[in-house]
Amino acid sequence: MRAAGEIAKRGGNAAFFVGWRFADAGRSRRERSARASGATAGITKEELNACVLFWPAMTDQVVHSAVQPFSARAALPWAVGLGVYALLLIVGPWLLGDPDSYSHIEVGRWIIAHGTLPESDPFSFSKHGAPWITFEWLSEIVYAGAYALSGWPGVVVVAAAAIALAFGLFTFFLLRELSPALTLLMVIAAVILLAPHMLARPHVLVLPVMVIWAATLVRCMDRGGPPPYWALPLLVLWTNLHGSVVLALGLIGPAVLEALLREERSEWPRVLLRWLPFSALALAASCLTPHGPEPLLMPLTTLGLGSALAWIGEWRPQDFSHVGGFELLLLAGIFALARGVTLPVVRALVVIGLLHFALAQVRNADLLAMLAPLYLAAPLGRTFGGRITDDAEGASRGLNLAAFGVLIAMSGAALARDIRPAPVITPQAAVAQADLAKAGRVLNDYSFGGYLIFAGIPTFIDGRGELYGGPFIDRYNRALALVDLADFLKLLDEYDIGATLLAPRTPAVAMLDRLPQWQRVYSDDVAVVHKRRDTAQR
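Residues numbered from 1 in each chain as written. Predicted model: local features only at pLDDT ≥ 70, side-chain atom pairs only at ≥ 80, totals over all residues. Heavy atoms only, no water.

Asks: Please provide a residue-by-residue account of the overall build of the chain, values included.
Replies: A tally of regular secondary structure across the chain gives 25 helices and 4 strands. When burial is assessed residue by residue, the chain has 48% of its 538 residues classed as buried. Across the chain, every contact between residues at least 6 apart in sequence was considered, and the portion connecting residues at least 24 apart equals 72%. Of the roughly 26200 Å² of accessible surface on the chain, 63% is carried by carbon and sulfur atoms. (Helix = DSSP H or I, 4+ residues; strand = E, 2+ residues; numbered from the N terminus. Buried < 20%, exposed > 50% of the residue type's maximum accessible area, 1.4 Å probe, protein only. Contact = heavy atoms within 4.5 Å. Areas by Shrake-Rupley, 256 points an atom, 1.4 Å probe, with all protein chains shown as cover.)

See below:
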């Protein structure tokens, strides 16, 4: 024992000698040689063996104490988030390309001005006073506040920040199961799918909440953990930001089903009893809105528009008449499955369901982009090689401070720009030149409804499909397309239309040019205005 202790002690001296050799690397070879000769004098064979034993621990200590290793895993979420943020700020007007951005801001301003939520329609003349609730009231207040503080640049910054945060979190959660390279491929695919729907509307504000909620449930599935009660407050936020909270409730089902399949049948009652209280509380949290549980029914109301959805671009099925990003990514996914990727049955059902929604309506490509990779991460990690253990996973304080500095600088630069919504949805000149505010009832193009609400002019139709209903939307579109000419003429008289504000390529524009009781009073590349010749008398 005494001999062993002596060997360890002198072996430690030998290990110190090796460490000293590393630290002394900058000195002259002659000086190092002389010191080495003196230091090694009297070292026995046993001491050299001890030195070899101490070598791994010593070298690891020296390297880690001298240089903190760079972690791509810690930096990648920041890099993705800031990259997406910068890209969206550069293409800022792209985020303002939807007419609903106008109407959401005006609804938010109405709520702030009145100190309450509307229970009937105050913005149209065709449905004025009809029952209507705004199930996205919190998002509308956020956008209205951003507009009041910083104008349209503020709206762009808020929407871009929400999207960037969602992608940063998305990257972080994928890195728990996948390598950085495979994670980056997933992120690129998600950006391509989500790009057409990156708009300053309520759905982008709920994206970070959706990613956290889904990733938390997937984590329970991957690890067989208990229900995540801590995440329930997310549903309260979700249900007041956007009317899609029913999706959050639906995502609980796969977690419960996979938990059941993991256990023997004798354990199923225990599993159900564990998840039942969580599911009940999730449903209760989703009903914590000023309108109670009514927002839960909004998706069903929208889908109930039936054939009228075909007139609205984002609700149409995917178009495969030309090659696009969706088709290319779909083919790539089929190719990956052909490489031997094995999915658990529940994950396969989830992905199939998301794919069905994305094929049925263009706007549901968002769900496929942000949710499917989370459910596929663990199986893909097992097939193609998952995460590599990293000794420095946590982001350093310096990295966080630098990222926040870049974020603030980019936001400041964006707020200083002059950003405005797309001209194609902004008939500002037509409204001003034709004095439509005093023209009586205006039959407007669907894409101009948001601007008219924003300008304080009652609309015939706008983006609130749940208010107008399927038959009304279908009749409106058929009339303007002159599918039923007689009904178009009837509609003009039935609603006592005094002026029309339509896109130049609308078939009804050519018909109005030929009707003797109508006169074209203004036209440009954005809009054409007709007025009744007897408007003044009326």
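Asks: I'd like to hear about helix α17 (residues 345-360), residue by residue, with values.
Replies: Between its first and last C-alpha, α17 extends 22 Å over 16 residues, near the 22 Å set by a 1.5 Å rise per residue. Within α17 the residues assigned to the buried category are Val346, Arg347, Val350, Val351, Leu354 and Ala358. Summarising the axial view, the buried residues of α17 lie within an arc of 135 degrees, below the 170-degree limit, and thus occupy one face. In α17, the exposed positions angled more than 90 degrees off the buried face are occupied by Val345, Leu349 and Ile352. (Expected span 1.5 Å × (residues − 1). Arc of directions from axis to C-beta.)

Asks: I'd love a proper account of the sheet that holds strand β3 (residues 518-523), names of residues and values included.
Replies: The strand order across the open sheet formed by 4 strands is β1-β2-β4-β3, and the pairing between neighbours is mixed. Two strands lie at the open edges of the sheet, namely β1 (441-444) and β3, each paired on one side alone. Shown here is a sheet whose adjacent strand axes are inclined to one another by a mean of 25 degrees, direction ignored. Bridging between β1 and strand β2 (residues 497-502) involves 4 bridges; their strand directions are parallel. (Pairing = 2+ DSSP bridges. Axes fitted to C-alpha atoms, helices over the stretch in contact; angles between N-to-C directions.)

Asks: So, the confidence of the model for the chain: which residues are in play, and what are the values?
Replies: Scored by pLDDT, the chain comes out at a mean of 84, with 84% of its residues at no less than 70. Note that residues 1-70 has pLDDT below 50 and, in this model, 38 contacts with residues that lie over four places away or in other chains. (pLDDT = per-residue confidence, 0-100.)

Asks: Tell me about the environment of glutamate 466, residues and numbers included.
Replies: Along the chain, glutamate 466 falls in helix α22 (residues 465-468). Under the relative-accessibility criterion, glutamate 466 is labelled partly exposed at 22%. Sequence-distant contacts of glutamate 466, that is, excluding residues within four places in its chain, are made with Trp132, Phe135, Met298 and Thr301.

Asks: For the packing of helix α7 (residues 137-174) against helix α8 (residues 180-194), give the residues involved together with the corresponding values.
Replies: The contact between α7 and α8 brings their axes to 10 Å, and the two run at 145 degrees. Crossing of α7 against α8: the hand is right-handed. The residues of α8 that touch α7, namely those facing Phe167, Phe170, Thr171 and Leu174, are Thr183, Met186, Val187, Ala190, Val191 and Leu194. A breakdown of the residues in the contact of α7 with α8 according to their chemical character gives 8 nonpolar, 2 polar and no charged. (Left-handed = near helix turned anticlockwise from the far one by under 90°. Nonpolar A, V, L, I, M, F, W, Y, C, P; charged D, E, K, R; others polar.)

Asks: Would you mind going over a nonpolar patch on the surface in detail, with residue names and values included?
Replies: Together, Leu257, Leu261, Val345, Leu349 and Ile352 make up an exposed nonpolar region whose accessible area comes to about 470 Å². Breaking the nonpolar patch down by element, the ones donating at least two residues are α13 (252-262) and α17. Residue placement: isoleucine 352 occurs in helix α17. (Patch = residues over 30% accessible without salt bridge, like charges linked within 9 Å, V, L, I, M, F, W, Y side chains within 5 Å. Salt bridge = Lys/Arg side-chain N within 4 Å of Asp/Glu carboxyl O.)

Asks: I'd like a rundown of the packing of aromatic side chains, residues and numbers included.
Replies: Inspection of the entire model under this criterion finds 19 aromatic pairs. The structure contains a cluster of three or more aromatic residues connected by ring pairs, namely Phe125, Phe460, Tyr468, Phe472, Tyr476 and Tyr495. (Phe/Tyr/Trp six-rings, centres within 6.5 Å; stacked < 30°, edge-to-face > 60°.)

Asks: Describe the nonpolar core, naming the residues involved and giving the relevant values.
Replies: Across soluble globular proteins, you tend to see nonpolar side chains buried next to one another. By size, the foremost hydrophobic cluster in this structure holds 113 residues, and its most contacted members are Phe167, Trp213, Trp238, Trp275, Met370, Leu436 and Leu501. Per-element tally for this core: the top contributor is α7, with 16 residues. Among residues more than four places away in sequence, those in contact with tryptophan 238 are Val206, Val209, Met210, Trp213, Ser244, Val245, Leu247 and Ala248. Judged by nonpolar contacts, the second largest core, of 37 residues, contains Trp132, Phe460, Leu492 and Leu502. (Core = buried A, V, L, I, M, F, W, Y, C linked by side-chain atoms within 4.5 Å.)

Asks: How would you explain helix α19 (residues 397-415) if you had to name every residue and give the values?
Replies: In a regular helix each residue adds 1.5 Å, so 19 residues correspond to 27 Å; α19 covers 27 Å between its end C-alpha atoms and thus fits that length. Within the span of α19, buried status applies to Ala403, Met410, Ser411 and Ala414. Summarising the axial view, the buried residues of α19 lie within an arc of 100 degrees, below the 170-degree limit, and thus occupy one face. Set apart from the buried face of α19 by more than 90 degrees, the exposed residues are Arg397, Leu401, Ile408 and Ala409.

Asks: Can you explain unusual backbone geometry? Please cite residues and give values.
Replies: Of note in the backbone geometry, aspartate 435 takes a positive phi value of approximately 50 degrees without being a glycine. On the secondary structure map, aspartate 435 appears in the loop between α20 (428-433) and β1. Assessed through its relative accessible area of 35%, aspartate 435 is described here as partly exposed. Unlike most non-glycine residues, leucine 482 shows phi in positive territory, near 60 degrees. Counting through the fold element by element, leucine 482 comes out in the loop between α23 (470-480) and α24 (485-494).

Asks: Just give me the short version of the pairing of strand β4 (residues 528-532), but keep the residues and values in it.
Replies: Side-chain positions along a regular strand alternate between the two faces of the sheet. Counting buried positions over the 5 residues of β4 gives 5, a clear majority of the element. In β4, alternate side chains face the same way, and those of Val528, His530 and Arg532 on one face and Val529 and Lys531 on the other are all buried. Relative to β4, β2 runs antiparallel, the two being bridged by 4 bridges. Along β4, the bridge assignment pairs leucine 502 with valine 528. Direction of pairing for β3 relative to β4: antiparallel, over a ladder of 5 bridges. From the neighbouring strand, glutamine 519 faces β4, where its bridge partner is lysine 531.

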